[in-house]
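# Coordinate analysis (summary)
Residues per chain, in single letters:
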Amino acid sequence: MSGDHGDATIAQRVRRLETLLEEKGVLSGARLDEIIDASLSGASPANGARVVARAWTDAEFRARLLADGTAAVRELGFMEGSYQRLRVVENTETTHNVIVCTLCSCYPLRLLGPSPSWYKSEAYRSRVVREPRAVLAEFGVELAAGTEITVWDSSAETRYMVLPRRPEGTDGLGEDQLAALVTRNALIGTAAV
Amino acid sequence: MTDRFPPGTPVRTFPHDPPHHTRLPRYARGKRGVVVEPEGPAELADVSAQGRGDAPVEQIYAVRFAARDLWGEGDHHVVLDLWESYLEAYEEDAADER
Amino acid sequence: MARINDVGGVQNFGAIDISDDAEPFHADWEARVVGLVNALRAQGIFNTNEFRDAIESMPPAEYLSTSYYERWFLAVRTLLEQKGVIRPGELDD
């Protein structure tokens with residue numbers, strides 16, 4: 001049934017579906033625009049970076065974050081309605097964490113921003129659970145030989161974020177400057193910071 | 001709700017292979033792991049996907065698997081969030097495959 | 001039974017393209033599909049599990065040859081047909 005629509009592009013078919021649904025009173029065009037805006041608005045890796053910077057500078061916040069990520073990020077104003085629990089997992093000198101959703105593409109959107117295509121790709125989803133060290137090396141993350149790697153496969157209602165290690169030589173930096181160091185990939189685990 | 005599998009419980013995933021939606025990936029079916037902690041109850045995805053509105057609520061557990069137990073090799077671990085009905089307690093003295 | 005989306009440990013998907021996307025959506029229609037799914041879900045037309053089920057139920061060859069958001073579009077169409085919101089084939093009349 002699909003794939004045989006040489007004349008109509010996907011864009012045309014999407015528009016046609018919207019029109020059909022509006023004609024049937026299922027959707028209104030204006031409402032759809034609002035929802036599109038709402039889906040992405042406020043979703044940014046800057047949010048996750050702020051959480052990390054706070055954890056790096058406030059040991060009690062860090063402890064709360066690791067104990068109950070959902071509640072801790074709410075303290076910073078980040079509410080997330082679409083999933084049940086946020087779990088933050090910390091990298092240490094001997095452990096490194098990396099996140100995946102092998103079954104689809106589950107991801108904490110509000111804290112990390114839109115997910116990159118690679119995160120959604122079969123190549124990443126198939127390989128990171130099987131050979132994480134090699135995958136991390138392809139992302140430029142070289143881990144010491146004894147480092148234990150844990151891969152978190154988001155198979156249910158919990159969403160995961162990595163708390164990367166604070167880089168050396170950053171003692172003098174304020175929270176904003178620290179947040180600026182944190183990349184989206186670090187929050188997924190495919191970068192050190 | 002008392003959790004059937006407290007943290008630290010050795011468990012095995014059922015070798016389940018349903019014809020419907022499920023959130024137990026193939027690579028982790030019939031495998032031994034250890035419960036990390038409960039994740040909070042939710043409607044069982046397998047039934048919720050059928051759209052009748054009658055999905056049972058079950059506890060979900062984060063379960064940690066050694067790569068070696070999943071694929072016979074590897075030194076890393078994989079943690080999956082699994083609904084209670086995907087799991088059974090693993091008894092060390094039960095008949096084992098290897 | 002194994003579904004095509006269940007790719008953990010499957011070989012030969014090739015190198016991971018680690019480059020970042022310039023934009024979250026490569027075309028407007030992708031954003032509109034996301035909006036459509038979110039709107040329909042918010043209205044209770046289907047739930048997230050039904051939506052995932054519809055994507056996973058695609059024949060493997062179709063799943064592997066369509067882009068991520070095109071799968072979303074196809075899944076939405078399938079669900080709407082199954083639930084009688086649109087007639088089978090009505091979209092492409």
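Residues numbered from 1 in each chain as written. Chains lettered and ligands numbered in written order. Predicted model: local features only at pLDDT ≥ 70, side-chain atom pairs only at ≥ 80, totals over all residues.

## Considerations on the sheet that holds strand 3 (residues 148–153) of chain A
Backbone hydrogen bonds are what pair the strands of a sheet, in a parallel or an antiparallel way. Short version of the rule: Strand pairing is assigned whenever DSSP detects at least two bridges linking the two strands. Secondary structure elements follow DSSP: runs of H or I no shorter than four residues count as helices, runs of E no shorter than two count as strands, and numbering proceeds from the N terminus. Structural elements are reduced to axes, namely lines fitted to C-alpha atoms, with helices fitted over the stretch in contact, and the angle between N-to-C directions of any two is expressed from 0 to 180 degrees.
Strand order in the open sheet formed by seven strands is 2(A)-3(A)-6(B)-5(B)-2(B)-1(B)-7(B), and the pairing between neighbours is mixed. With one partner strand each, in any of the chains shown, strand 2 (95–100) of chain A together with strand 7 (87–89) of chain B form the two edges of the open sheet. Pairwise comparison of adjacent strand axes, ignoring direction, gives a mean angle of 35° for this sheet. Pairing between strand 3 of chain A and strand 6 (residues 77–83) of chain B: four bridges, direction parallel. Residue pairing for strand 6 of chain B: Val151(A) is matched across the bridge by Val78(B).

## Quick notes on the packing of helix 1 (residues 10–23) of chain A against helix 4 (residues 68–82) of chain C
Rules: Should the near helix be turned anticlockwise from the far one by less than a right angle, the crossing is termed left-handed; should it be turned clockwise, right-handed. Here the contact rule is simple: place C-beta atoms from the backbone, and any two residues whose C-beta atoms are within 7 Å are in contact. For this scheme, ten residues count as nonpolar: Ala, Val, Leu, Ile, Met, Phe, Trp, Tyr, Cys and Pro. Four count as charged, namely Asp, Glu, Lys and Arg, and the remainder, Gly too, count as polar.
Packing of helix 1 of chain A against helix 4 of chain C leaves a shortest axis separation of 11 Å and a crossing angle of 35°. Note on packing geometry: the crossing formed by helix 1 of chain A with helix 4 of chain C is left-handed. Contacts between helix 1 of chain A and helix 4 of chain C involve Ile10(A), Arg13(A), Val14(A) and Leu17(A) from the former and Glu70(C), Phe73(C) and Arg77(C) from the latter. Classifying every residue of the contact of helix 1 of chain A with helix 4 of chain C gives four nonpolar, no polar and three charged.

## With respect to the pairing of strand 5 (residues 60–66) of chain B
Every other side chain in a regular strand lies on the same face of the sheet, so the side chains alternate between the two faces. Residue and element names in this part refer to chain B. Keep this limit in mind: Each residue is classified by how many other C-beta atoms fall within 10 Å of its C-beta atom, where C-beta atoms are placed from the backbone; a count of 20 or more means buried, 12 or fewer means exposed, and values in between mean partly exposed.
For strand 5, the buried fraction is high: five of the seven residues fall into the buried class. In terms of strand pairing, strand 2 (residues 32–38) meets strand 5 through four bridges, oriented antiparallel. Note that in strand 5 the partner of Pro 38 across the bridge is Tyr 61. Both strand 5 and strand 6 contribute to a ladder of seven bridges, which runs antiparallel.

## Quick look at helix 4 of chain C
What counts is decided by this rule: Multiplying 1.5 Å by the residue count of a helix minus one yields the expected span of that helix.
Over its 15 residues, helix 4 of chain C extends 21 Å from the first C-alpha to the last, a length consistent with the 21 Å expected when each residue adds 1.5 Å. Looking only at helix 4 of chain C, the buried set comprises Tyr69(C), Arg71(C), Trp72(C), Phe73(C), Leu74(C), Ala75(C), Val76(C), Arg77(C), Leu79(C) and Leu80(C). Against helix 1 of chain A together with helix 1 (28–42), helix 2 (48–56) and helix 3 (60–65) of chain C lie the buried residues of helix 4 of chain C. At the exit of helix 4 of chain C stands Gly84(C), carrying a positive phi of roughly 75°.

## Observations regarding the domain arrangement of chain A
Quick note on the threshold: Each domain's extent is set by a domain assignment, obtained either automatically or from a database.
Assigned domains of chain A: these are domain 1 (10–40) and domain 2 (45–188). A C-alpha centroid distance of 33 Å is found between domain 1 of chain A and domain 2 of chain A.

## Regarding the nonpolar core
Quick reminder of the rule: As used here, a nonpolar core is made of buried Ala, Val, Leu, Ile, Met, Phe, Trp, Tyr and Cys residues. They are joined through C-beta atoms within 7 Å.
Formed by 67 residues in total, the largest nonpolar core has its most connected members in Val52(A), Val63(B) and Leu82(B). Considering every element that reaches this core, the biggest residue donor is helix 3 (residues 45–57) of chain A, with six residues. Leave out the neighbours within four places in its chain, and Val52(A) touches Leu163(A), Pro164(A), Ala179(A) and Val182(A).

## Points about the interface of chain C and chain A
In this complex, chain C contributes 37 residues to the contact, which on the side of chain A involves 41 residues. Elements with a contribution of two residues or more to the side of chain C that touches chain A: helix 1 and helix 4 of chain C. Ranked by residue count, the leading element in the side of chain C that touches chain A is helix 1 of chain C, at nine residues. By residue class, the composition of the side of chain C that touches chain A is 20 nonpolar, six polar and 11 charged.

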